[in-house]
Amino acid sequence: MENVEAKHIHNSTLKTHKLSFMAQICLRLLATVATLAAAWIILTSKQTVAVFGMVVDARYSYSPAFKFFAYANVIVCAVSALSLLLLLVISYKSLVGMKFFYFFLHDLMVVTLLMAGCAAATAIGYVGQHGNSHTGWMPICDNFGKFCRKVAISVALSYFGVMVYLLLTIISAVNSRWIQV
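Rules of the game
One numbering rule holds for all chains: residues counted from 1, following each sequence as written. Thresholds applied to this predicted model are a pLDDT of at least 70 for local features of residues and 80 or more for the giving and counting of side-chain atom pairs; totals over whole chains, interfaces and linings are not thresholded and use all residues. As a rule here, side-chain values come from all non-hydrogen atoms in the structure, and water together with hydrogens is ignored. UniProt positions are given in the numbering used here, feature names are shortened, and annotations may be inferred rather than shown by experiment. Secondary structure follows DSSP: runs of H or I at least 4 residues long count as helices, runs of E at least 2 residues long count as strands, and numbering of each begins at the N terminus. Each residue is assigned to one of three classes by its accessible area relative to the maximum for its type, calculated with a 1.4 Å probe on protein chains only: buried under 20%, partly exposed between the two thresholds, exposed over 50%. Contact definition: two residues touch when any of their heavy atoms are within 4.5 Å. Using a 1.4 Å probe, accessible areas were evaluated by the Shrake-Rupley method; residue-level cover was limited to the displayed protein chains. Exposure above 30% relative accessible area and the lack of any salt bridge qualify a residue for a patch; like charges then connect within 9 Å, and the nonpolar side chains Val, Leu, Ile, Met, Phe, Trp and Tyr within 5 Å. By definition, a salt bridge exists where a carboxyl oxygen of Asp or Glu is found within 4 Å of a side-chain nitrogen of Lys or Arg. The rule is short: rings of Phe, Tyr and Trp, with Trp giving its six-membered ring, pair when the centres are within 6.5 Å, and they are stacked under 30 degrees, edge-to-face over 60, tilted in between.

The name an unreviewed UniProt entry assigns to the protein is CASP-like protein, from the organism Coffea arabica. The record in UniProt for the protein states the following under Subcellular location (unreviewed entry): "Cell membrane". Recorded in UniProt for the protein, the comment headed Sequence similarities (unreviewed entry) runs: "Belongs to the Casparian strip membrane proteins (CASP) family."

**Here we look at the overall build of the protein**
In terms of regular secondary structure, the protein is built from four helices and two strands. The helix and strand sequence of the protein, counted from the amino end, reads α-β-β-α-α-α. For the protein, the proportion of its 181 residues judged to be buried stands at 38%. Considering only contacts within the protein whose residues lie at least 6 apart along the sequence, 79% involve residues at least 24 apart. Counting every atom, the protein has about 11000 Å² of accessible surface; 72% of that belongs to carbon and sulfur.

**Remarks on a nonpolar patch on the surface**
The grouping of Leu43, Tyr71, Val74 and Ile75 at the surface amounts to a nonpolar patch, some 340 Å² of accessible area in total. The element best represented in the nonpolar patch is helix α2 (residues 64–91), accounting for three residues. Here Leu43 is to be found in helix α1 (residues 2–43). With relative accessibility at 34%, the residue Leu43 sits in the partly exposed group.

**Side note on the UniProt feature "transmembrane region" (unreviewed entry) in the protein**
Feature annotation in UniProt assigns "transmembrane region" (unreviewed entry) to the following positions: residues 21–43, 68–90, 102–128 and 152–174. Regarding residues 102–128, the helix share stands at 100% and the strand share at 0%, and the terminal C-alpha atoms are separated by 39 Å.

**Considerations on the environment of Ile140**
Assignment of secondary structure puts Ile140 in the loop between α3 (97–130) and α4 (145–178). The exposure class of Ile140 is partly exposed, given its relative accessible area of 36%.

**A short note on the packing of aromatic side chains**
For the coordinates displayed, the defined rule picks out three aromatic pairs. With a centroid separation of 6.2 Å and 70° between ring planes, the pair formed by Phe66 and Phe147 is classed as edge-to-face. Here Phe66, found in helix α2, pairs with Phe147, found in helix α4; they are 81 residues apart in sequence, far enough to count as distant. By relative accessible area, Phe66 is classed as buried at 7%.

**What to know about the pattern of salt bridges**
By the definition in use, this model includes two salt bridges. A salt bridge links Asp107 to Arg28, with the nearest nitrogen and oxygen atoms 2.9 Å apart. Linking Asp107 in helix α3 with Arg28 in helix α1, this pair joins segments that are 79 residues apart in sequence. The exposure classification of Asp107 matches that of Arg28, with both residues buried. The closest approach of N and O atoms between Asp57 and Arg59, which form a salt bridge, is 3.2 Å. The exposure class of Asp57 is partly exposed, given its relative accessible area of 28%.

In structure tokens, the structure reads:
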């Protein structure tokens, strides 16, 4: 009786680990695609308009916050792809809780970097959209609508990446506790 119960628990644990493993693969792939798209959109966003007879450019590279946002997305995309490959390599070996603890640390650092980039871009985007009457900064999105829309799409994709990495952080934390092989 005890042996049958142990097999049932073992099979149930294996199913849970397989489900968790597949979820991690899907989520890491999603995070890679989302951050790649966000980086591509922000890196290629530019618009030139004539304002009061002067030709004016808007580019991501004119703002340190947008540069940080773009580079954060590039870095997260690269480490997401590497962590996906590492997860696939580890899957062929034994699943040890300590390995998932390293994934937890990795995911925690990545979500923090990505959130910082999103926060910086959101703050500058808000000023670009609404201006700041206290400092005399005028909104620019009235004149650079195409640029502002592309930045908004890029930031939204990046926030989606934050949510995916938040889920990955939770999954990695749970896996590091469960798997004690």
